[in-house]
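# Structural overview for review
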Amino acid sequence: MLKTKLAAAVLVALSVGPSAAFAYGQTAAAQQDTTQSSSAEQKAKKLETVTVTGSLIPQTEIETATPIVTITAQDMKVRGFTTVAEALQQSSFATGSVQGTSTSGSFTQGAQTLSMFGLPVGFVKYLVDGRPMGNFPALYNGSDTFNNLSGIPMEMVDHIDVLPGGQSSLYGSDAIAGVVNIVLKKHVDAPTIDVRYGWHSGGGGADRRISFADSFGAGKFNLLVGGQFESTQPIWTGDRSLTRQYFTQGTSAPVASRDFLVYSPFSGHYYFEDPNNCSNVTSLFGGTEGLRTRTRGRTYCGSFYTPSYATVTNDQKTANLYTHASFDVSDNLQLYGDLLYNYDEQKYSIGSNFTWWGTGVKYGAFYDPNLQDYVDLQKAFAPEETGGFKSIMNKQYEKSYMLTLGGKGTFGESNWDYDLGFTHSDDKLLEHNFQRFAGPIDNYFLQHVLGPQQGMDPNYGAYPQFTPDYAAFYKPISQADFKSFTGYTDTNAKTWDNMLRGQLTNASLFKLPGGDAGLAVVLEGGNQGWSYVPDPRLLDGEVWGTTDVQGAGHRSRYAATTELRLPVFSMVTLDASGRYDNYRVSGENVHHATYNLGLEFRPIESLLLRGRYGTAFKAPTLSDEFQGLSGFYSFVPDYLNCGRLGFDPAHIANCPTPYDSTQYFGQQAGNKALQPITAKVWSYGAVWAPTSKLSFSVDYLHWDINNEVNTESADLLSQAEYLCDIGTLDKTSPTCTNAFSQITRGTSTTSGLLGQIQKIYTPKVNVSNEQVNAVTASINYVQDIGRWGRLAFATSYSDVLKHTTQAYPNDPRIDVLRHPAAYPNGTDFKSKVNGSLTWTPNEQWSGTVYFNRYGRTPNYLASSLDNYTSPGTGRLGAWILYNASVTFNPTKNLGLSFLVNNLFNKMPPLDRSYPGTSSSPYNDSNYNVYGRAMYLEANYKFGAK
C-alpha cells in the first residue's frame, strides 16, 4: 500500500526523538513477531502494518480518526521528566488540578495521578501494554477509585500513547476522559545500566536511581529482564522561603500560630495565664516560640515558623522488576509472559497541624471559677517535644504486581490472528500513620493541667468545672510523656483483578476500493475485588481528631467488543466499534453498551480530516458500591419546622435560628444499586503534513456526562420531608418514605413542631451532570541545518473552552470557568501549552530546551468568594517553567547527560490575596515549590557496536 506524506512525516519525527502529535505502535519487526505466517507474501504484507493504540486492527495508516499523543522514552529523558507520572502530569491535556505529595494531609499523599481536561481522576483508563492497570487500594479524596502512576519504572518504558476523548467502545469502563497506554520495552540491543543522581538548589529532594536491563535468547526462547531502584529524600516546607513561615505579603500581617492558648469560645477573649510570659517555651520550634499579640491586645505563646515542619515531597524508596518472555512454539504460535512488580515505601509529615484542641473537643468548653468564664485550652506539639517530626512521619508501604500469561499467532495460512491471555493484578497497601489517642491524651491533660473535676458549671449545669494549673500548661512536654499518648495505627487495603481475554483479528477480511477491510472481535471476562480495613480505633473514636472510611466487596464481569474498519474509497475510511459490558454485583447485573463511529477523509495525501461520535461509560466503582458508613458534620435548613412556624420555606433565611440552619450528623455509604455513569462523546479535527518534515494537528472534543455519582442531597431530603408533611407529595410515595426514613429527629419540646434534625443518611446516587468542550493542537517540525546538524521542534496546546457541572437535577448549571469555588474544578488551569527544541549537531552531542506554560488560575480570594468582581479578587498570571538537557556520547557505549528542571528556579505566582494566617500562599494542587533540580546521568551499554 502506498505510503502517504502523512506517514512519512511521522516516521521522520520518530527518528529524531520528539513526537508529541503522532502515535506509533510496535515496530515492524515486533509486529512480524505477532503475526507469524509461513507465507512470505503474507509476511511482507504484514510488515507494512502497525498496531496503533486506539484500534484493535493493525493497519498501514498511523494517524486515524482518533487523535493520539505519544511520549517516547527519549522524550521523557531529554525533556527532564523524572517519572512517568511527571511526564503525564506536564502534558498539555492534564489541565486539571490534583492532589499529590505536595498536598499535605491528603487521603492519598503517597500516590500520583492526573486529571484530563479537568474531569475526575477516575475517568481515565490506564493500560500497561494494552491491559488494564489495577486500581490503587486507597481512595482519592476519601471516596474515589483511581490508578496510581508512581509504580511504573521509567527506564522500562518504551513509549506512552494517550488518547483523549471517550474510548469505552474499545476499552470498556473508565475510558471517558481518555486512555493512557504505557508500552514497556520488549527488547534491548545490549546489556544496559543507567545511573542517575539529582539534587535541588534550594535543598532537599536528593535523588538516586539505578536501573539495568538485558535481553537473552536461546533458540526459540527470548527473555528481557529489567530492574530499577530509586531513593528520594523529602523536601520540607522549611527548605523554601515561601513556605517556612506564615505569609508575609498577604492581605494581613503574618500571624503566629496559637501554640499555648486559653480562650473563651463564646466571647473570643484570650486569657493569658502564663506567669513566666512564655519564657519557659522559647526553646520550642527551633527557638522561635515567644510572646505574641493578636488584635485587641490578645496575648498568647506562638511562633511564626510552625509551617516549617511539613513535607512537600515524600521520602520515597521504590524497587521495580520487569520481565518479558516469549517462546516460539511454531510459525503459528508464540507463548508469552510478562511480570511487572513494584515495591514502594514512602514517608511524609503533615507538620505542625499536630495539635490538641482537647477541651473544645472533649467538653465543648469548661468553666473556670477563678476566671468566671467558659474557656478552652489549645496546645500545639513542637518538634522538641515529639523527638523531631522526622521521627513521627506517616508511612506507606505498597506491594503490587501485574502478571500476564498467554499465546498468540495465526490460524495456518489464513489472515486470522489470535491472542489469548490471562492477566492478574494485585495491589496491597499498608498505611502506618502516627496518631494521638483520645483517651490517653485527654487523661494526660486531666492529670497534669486540669486537675480533678469540681462538679458542673453554676450557670447552666452543662459544662464541667475545673481549676487548671496554668503554670503546668505553659511548659514543654517531655518526649516520654508525648509517647505515652501517641502511636501508630495500621490500615490495610487491597485490590485485585483477574481477566481472561481472547482476540481474533483479520486485517484483510475482504477487498474494498480503498484497501483491505479489517475486523477484530474480543471476548473477556473475570472478577475483581477491593478491601479497605482501617485500624478499628479509627472507627470507634479512640483516635483523637481522626476518622476513616471502610468497606470491601467483589464482583464478576464479562464483555464483548467488535471493531470493523472499512476503507470504502481511497479517500474515505470508516471505523465502527461496539462493546457490551456486564457486571455481576451481589446477584444483580449492571450492564451497559457503548459504540463509536469514526470517519477519516483524505482529500489529498498530505491532509487528514477526521471525526468521531460515540458513547462512553464508567461502571460503579467497588468503593461506590461497597463503601461502609462514614460520618461528618454539616448544616441544613429545617424546612418542615420552618413551615410549621408559619414562615415561607422558600425564603428560609427569614426563618428563626436554628431552623434556618441546623447542624446535623451526616452518614454516607456505598450503594449496590448504582447504575453506570454514561457519556456522549464526539470530536473532529485535522492533521496536515505539507512536507515530510512538518506536520500540524488540531482537534475539538466534547463530553456530555450524565448519572455521575454524588451523595444524596441533605437539602433536597429536608425539602422533600416538608412537601410530604403538607401533602404536596403523597406520604406513601417512595420519595416521602425515603425522606422520613433518612432524616432522624430528636424529641420535640415545642407543641406543633417536630424535634430538631439530628442525623441524615445520604447514600451515593446517580444524579450529577458535567459538560466539557476542549481543543487540542500540535506542531512538529524537523529542519536540517547543514554542517550544524539538525533541529527538531514539537509543541502541543490544550484549552478548555467550556466546563459546566450540575450537582442535582433541576439545580442551575454552574459555569466552572467563571465560578472558582466550584470544587474541585474551579481552580483548574484553563489552558496549557508546552514545547521542546532539540539540536543535534552530530552523533556525539545533543541538547534540548523544554518549556511548559500553565495558564491563569483564580487567586485565593476569588476562590473563597466565588467571583472576580469583589475587591482583591482576580486571576494569577501564567506560570512558565523551563527544562534543559545536554547529552554527550564519548563512545557508542556510553552516554552522559546533564539535566536541569525549572531552569530559572521559578516559584508559584505570588498570591497576595492570601491572609497572613496562611502557611502556603499558593494552591498546592496547582503549583509546587520544588524549584530548580539538577541531574547527572550515565548510561552504559555493554558490548554495543
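Residues numbered from 1 in each chain as written. Predicted model: local features only at pLDDT ≥ 70, side-chain atom pairs only at ≥ 80, totals over all residues. Heavy atoms only, no water.

### Describing the packing of helix α16 (residues 714-725) against helix α17 (residues 734-742)
Packing of α16 against α17 brings their axes to within 9 Å, and their N-to-C directions diverge by 115°. Pair α16 / α17 crosses with left-handed handedness. Across the interface between the two elements, L717, A720, E721 and C724 from α16 touch T735, C736, A739, F740 and Q742 from α17. (Axes fitted to C-alpha atoms, helices over the stretch in contact; angles between N-to-C directions. Helix = DSSP H or I, 4+ residues; strand = E, 2+ residues; numbered from the N terminus. Left-handed = near helix turned anticlockwise from the far one by under 90°. Contact = heavy atoms within 4.5 Å.)

### Thoughts on the sheet that holds strand β27 (residues 630-636)
Read across the open sheet, the four strands follow the order β27-β28-β32-β31; overall the sheet is mixed. Of all strands in the sheet, those with a lone pairing partner are β27 and β31 (743-745), marking the two edges. Pairs of neighbouring strands in the sheet enclose a mean axial angle of 25°, with direction left out of account. Bridging between strand β28 (residues 662-668) and strand β32 (residues 757-761) involves three bridges; their strand directions are parallel. Bridging from a neighbouring strand, Q667 pairs with Y761 of β32. The strands touched by α17 within the sheet are β31 and β32, with β31 carrying the most contacts at an inclination of about 45°. (Pairing = 2+ DSSP bridges.)

### Observations regarding the confidence of the model for the protein
Averaged over every residue, the pLDDT of the protein is 90; residues scoring 70 or more account for 93%. When the criterion is pLDDT under 50, residues 1-48 qualifies, and its contacts beyond four places in sequence or with other chains add up to 124 contacts. (pLDDT = per-residue confidence, 0-100.)

### Let's talk about the side chain of N825
Relative to the helices and strands, N825 is located in the loop between β35 (814-815) and β36 (831-840). Apart from residues no more than four positions distant in its own chain, N825 is found in contact with G118, E770, H803, T805 and V816.

### Some details on the state of the cysteines
With the rule as written, the count across this model stands at two disulfides. Each sulfur of the disulfide joining C278 and C301 lies 2.0 Å from the other. Between C278 and C301, the S-S torsion sits near -95°, and that sign places the bridge as left-handed. Linking C278 in the loop between β10 (260-263) and α7 (284-287) with C301 in strand β12 (residues 299-302), this pair joins segments that are 23 residues apart in sequence. The disulfide that involves C724 links it to C736, with 1.9 Å between the sulfurs. Disulfide C724-C736: the torsion about the S-S bond is -90°, which places it as left-handed. Residue C724 is found in helix α16, and its partner C736 is found in helix α17; the two are separated by 12 residues along the sequence. Disulfide connectivity for the protein, with bonded cysteines indexed by sequence position, reads 1-2, 3-4. (Disulfide = S-S within 2.5 Å.)

### Comments concerning the pairing of strand β42 (residues 933-941)
Where strand β6 (residues 192-200) meets β42, nine bridges bridge the pair, whose relative direction is antiparallel. Within β42, the position partnered with W199 by the bridge is M934. Relative to β42, strand β41 (residues 894-901) runs antiparallel, the two being bridged by eight bridges. In the sheet register, F898 faces β42, and the bridge partner there is L936.

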